[in-house]
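# An overview of the molecular structure
Listed below are the residues making up each chain.
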Amino acid sequence: IEKLTNGEDADTPPGPIIPVGSSVLWTYVVFNNGDVGLVSVTVSDDKGVVITCPKTTLAPGESMTCTGSGTAVAGQYGNIGTATGLPPVGSPVSASDPSHYFGGVPAPAITIEKRTNGEDADTPPGPNIPVGSSVQWTYVVSNNGDIGLVSVAVSDDKSVVITCPKTTLAPGESMTCTGSGTAVAGQYGNIGTATGLPPVGSPVSASDPSHYNGIAPPTPVPAVGLAGLWVMGGLLGGIGILIGFRRRR
């Protein structure tokens, strides 16, 4: 079965953009690609679309086109057509195919939430990080629009190298991208920007800053080993003897 929406083979969303309230025509082209005839051939739709077919039998290599119609609703829509047929012997055969459309004018949107070492430090100073220590940035990117986005990418104004798990986001979907660096001295801030491309219209984008304060690393305390303790003990003992000798005098 090959299902089309207003003439488009829209297996994946969004499919054609159709004004809300307009007519939608689905066609279901059913093929018998086996080597025996099929009877009791029917087509159904998971969204309850009423489908009309010209016949109920298909010879080997034969096809027919069934049709159904409806009225476009707002937002992303998808339905699945399923064809079934009965061979002379054996179990029934079946096949399915999805199709999609988007009702109305899409409202694409994207958001980004940038964190530094886990903190949402939109304003300075942000976390205190010792100079030379690792800094981890996360960029949570969300599609908060009503249509899918492709070519989704994240950049940083300080040229941080950012890795994302994918480049597409369905409506309501999120992903977490990551970047890292080494803390420098003083107040530091950078801005992450997410961009995405809807199927129609201009790209969408959003930005979010984050900050940290690079502080001097803690001064290491010298360790005193056993030998050092023995020497120190000897010195203190010698001082004690000298003081006692002077007092006896």
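Details of the structure are given in the entry above.
The notes below deal with the structure included here. What you see is a predicted model; the values in this text were computed from it and never measured. (Residues numbered from 1 in each chain as written. Predicted model: local features only at pLDDT ≥ 70, side-chain atom pairs only at ≥ 80, totals over all residues. Heavy atoms only, no water.)

## Some remarks on unusual backbone geometry
Here the bond from P13 into P14 is cis, since omega is 10°, no more than 30 degrees from zero. Cis rather than trans, the peptide bond between P124 and P125 has omega equal to 15°. Phi angles above zero are rare outside glycine, and N117 is one such case at about 50°. Here N117 lies in the loop between strand 9 (111-116) and strand 10 (128-130). Backbone geometry at S151 places phi at a positive 55°, although glycine is not the residue there. (Helix = DSSP H or I, 4+ residues; strand = E, 2+ residues; numbered from the N terminus.)

## Looking at the packing of aromatic side chains
Each aromatic ring pair is described using two quantities: the centre-to-centre distance and the angle formed by the ring planes. Counting across every chain of the model gives 4 aromatic pairs. A centroid spacing of 4.8 Å and a plane angle of 20° characterise the contact between Y188 and Y212, whose relative ring orientation is stacked. Residue Y188 is found in strand 15 (residues 186-197), and its partner Y212 is found in strand 16 (residues 204-215); the two are separated by 24 residues along the sequence. An identical accessibility class is assigned to Y188 and Y212; each is buried. Here the basic side chain of K47 rests over the ring of Y77, its NZ or CZ set 4.6 Å away from the ring centre. (Phe/Tyr/Trp six-rings, centres within 6.5 Å; stacked < 30°, edge-to-face > 60°. Buried < 20%, exposed > 50% of the residue type's maximum accessible area, 1.4 Å probe, protein only. Lys NZ or Arg CZ within 6 Å of the ring centre and 35° of its normal.)

## Points about the state of the cysteines
In total, this model carries 2 disulfides according to the counting rule given. Residue pairing for C53: its cysteine sulfur links by disulfide to C66, the two sulfurs lying 2.0 Å apart. On the sign convention where negative means left-handed, the S-S torsion of about 115° between C53 and C66 marks this disulfide as right-handed. Highlighted residues: C53 in the loop between strand 5 (51-52) and strand 6 (63-71) and C66 in strand 6, separated in sequence by 13 residues. Each sulfur of the disulfide joining C164 and C177 lies 2.0 Å from the other. The chirality of the disulfide connecting C164 with C177 is right-handed, given an S-S dihedral of about 110°. Of this pair, C164 sits in the loop between strand 13 (162-163) and strand 14 (174-182) while C177 sits in strand 14, and the two are 13 residues apart along the sequence. Among the residues examined, C164 registers a relative accessible area of 27% and is labelled partly exposed. For the chain, numbering the cysteines in disulfides from first to last along the sequence yields the connectivity 1-2, 3-4. (Disulfide = S-S within 2.5 Å.)

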